[in-house]
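Overview (structure and organization)
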Amino acid sequence: MLGASIGVAGTVLASAITGWSTRQQVRAQARAEHAHWRRQVRRDAYSAFLAPASESQNALKSAGRAFVGERDTEEIDRRLQQADDQLALARAAWANLAVEGPEAVGQAARSVYTTLRSMQTTLLALRDSPANTPDGNARFLERHAVEAGRLSERLGEFTAAARAALDDVEGLDVLSVDRRR
């Protein structure tokens, strides 16, 4: 009788431990799947911002080159419009990016966006200035060159912040799984 009771108790205890272990495994799997989903959502948000920001950069650089030598007003206006269209897409993506976070990525995106807008403003001022100034509008061209360099740095900073955030999401979720075991 004692042996049977011990056997029943052992079976019940083994079932309870197995059930608890299974629940823990399911929770860990759910956390891992959520982390994977979250990482994918962030990656999509970062890409949705980076693509139009890069296209805008290319359009603004092309517009700047159209000022060198004889002004190609049609090309300048076409490129500035293309940049404006891409900036609108980047701004819309920025809103989603701000929600997905983290803050460091949002700040890096803001820095990219404001530098793009500054480049655009410089080129608009250059377009609206007389073409036959004594200095050839050198101050606008110099400013554009500085902004182009700054923008490349900002895009690099954004990319690095986005990459770090994607790596952190994965690492933080692994730690949270380990702590809850």
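Cut-offs used in this document
In this numbering scheme, every chain counts its residues from 1 along its sequence in written order. Local features are withheld for residues below a pLDDT of 70 in this predicted model, meaning they are given only at 70 or higher, and side-chain atom pairs are given and counted only at 80 or more; totals for whole chains, interfaces and linings count all residues. Here the side-chain values reflect all heavy atoms present in the structure, with hydrogen atoms and water set aside. Per the convention used, a helix needs a DSSP run of H or I reaching at least four residues, while a strand needs a run of E reaching at least two, with both numbered from the N terminus. Working convention: axes come from line fits to C-alpha atoms, limited for helices to the stretch in contact. Angles between N-to-C directions cover 0 to 180 degrees. An angle below 35 degrees is read as roughly parallel, one above 145 as roughly antiparallel, one from 65 to 115 as roughly perpendicular, and any other as oblique. Here a crossing is taken to be left-handed if its near helix is turned anticlockwise relative to the far helix by less than a right angle, and right-handed if that turn runs clockwise. For this analysis, residues touch if any pair of their heavy atoms sits within 4.5 Å. Residues are grouped as follows: Ala, Val, Leu, Ile, Met, Phe, Trp, Tyr, Cys and Pro are nonpolar; Asp, Glu, Lys and Arg are charged; all remaining types, including Gly, are polar. When a carboxyl oxygen of Asp or Glu lies within 4 Å of a side-chain nitrogen of Lys or Arg, that pair is called a salt bridge. Three labels apply to residues, based on accessible area from a 1.4 Å probe with only protein chains included: buried if under 20% of the type maximum, exposed if over 50%, partly exposed otherwise in between. How sure the predictor is of each residue is captured by pLDDT, a score from 0 to 100. Only centres within 6.5 Å qualify two rings of Phe, Tyr or Trp (six-membered ring in Trp) as a pair; their planes then separate them into stacked at under 30 degrees, edge-to-face at over 60, and tilted for everything else.

Mapping Val-41 onto the fold places it in helix 1 (residues 2-65). Taking the C-alpha atoms as reference points, Val-41 and Glu-100, separated by 59 residues in sequence, lie 7.7 Å from one another.

Once that is clear, we can look at the packing of helix 1 against helix 3 (residues 103-128). As a packed pair, helix 1 and helix 3 sit with axes 10 Å apart at the nearest point and diverge in direction by 20 degrees. On the basis of the axis angle, helix 1 is roughly parallel to helix 3. Judged by the twist between their axes, the crossing of helix 1 over helix 3 is left-handed. Contacts between helix 1 and helix 3 pair Tyr-46, Phe-49, Ala-53, Ser-56, Gln-57, Leu-60, Ala-63 and Gly-64 from the former with Val-105, Ala-109, Val-112, Tyr-113, Leu-116, Met-119, Gln-120 and Leu-123 from the latter. Looking at the contact of helix 1 with helix 3 residue by residue, the classes come out as twelve nonpolar, four polar and no charged.

Taken as a whole, this structure holds eight salt bridges when the rule is applied. The residue Arg-38 makes a salt bridge to Glu-100 at a minimum N-O spacing of 2.6 Å. Taken together, the positions of Arg-38 in helix 1 and Glu-100 in helix 2 (residues 73-100) put the pair 62 residues apart, joining distant regions of the chain. A relative accessible area of 23% means that Arg-38 is categorised as partly exposed. Assessed through its relative accessible area of 10%, Glu-100 is described here as buried. Among the ionic contacts, a cluster of salt bridges with common partners joins Glu-75, Arg-78 and Arg-79.

The phi torsion of most residues other than glycine is negative, and most of the peptide bonds are trans. Of note, the bond from Gly-101 into Pro-102 is cis; its omega dihedral lies within 30 degrees of zero at -5 degrees. Looking at the element boundaries, Pro-102 is found in the loop between helix 2 and helix 3.

Once that is clear, we can look at the confidence of the model for the protein. A residue-level look at the protein finds 92% of positions with pLDDT of 70 or above and a mean pLDDT of 84. The element-level mean pLDDT for the protein is lowest in helix 4 (residues 138-180), coming to 78, with helix 3 highest at 94. Confidence drops under pLDDT 50 across residues 169-181; counting only partners more than four residues distant or on other chains, this segment forms eleven contacts.

Turning our eyes to something else, we now look at the packing of aromatic side chains. Scanning the entire structure with this criterion turns up three aromatic pairs. Between Tyr-46 and Phe-158, the aromatic rings sit 6.3 Å apart at their centres with planes inclined by 80 degrees, giving edge-to-face as the arrangement. With Tyr-46 in helix 1 and Phe-158 in helix 4, this pair connects stretches of sequence that are 112 residues apart. You can call Phe-158 buried: its relative accessible area is 1%. Pairing Trp-94 with Tyr-113 gives two aromatic rings, centres 5.2 Å apart and planes at 35 degrees, and the pair type is tilted. In this pair, Trp-94 sits in helix 2 while Tyr-113 sits in helix 3, placing the two residues 19 residues apart along the sequence. The exposure classification of Trp-94 matches that of Tyr-113, with both residues buried. An aromatic cluster is present here, built from Tyr-46, Phe-49 and Phe-158 joined pairwise through their rings.

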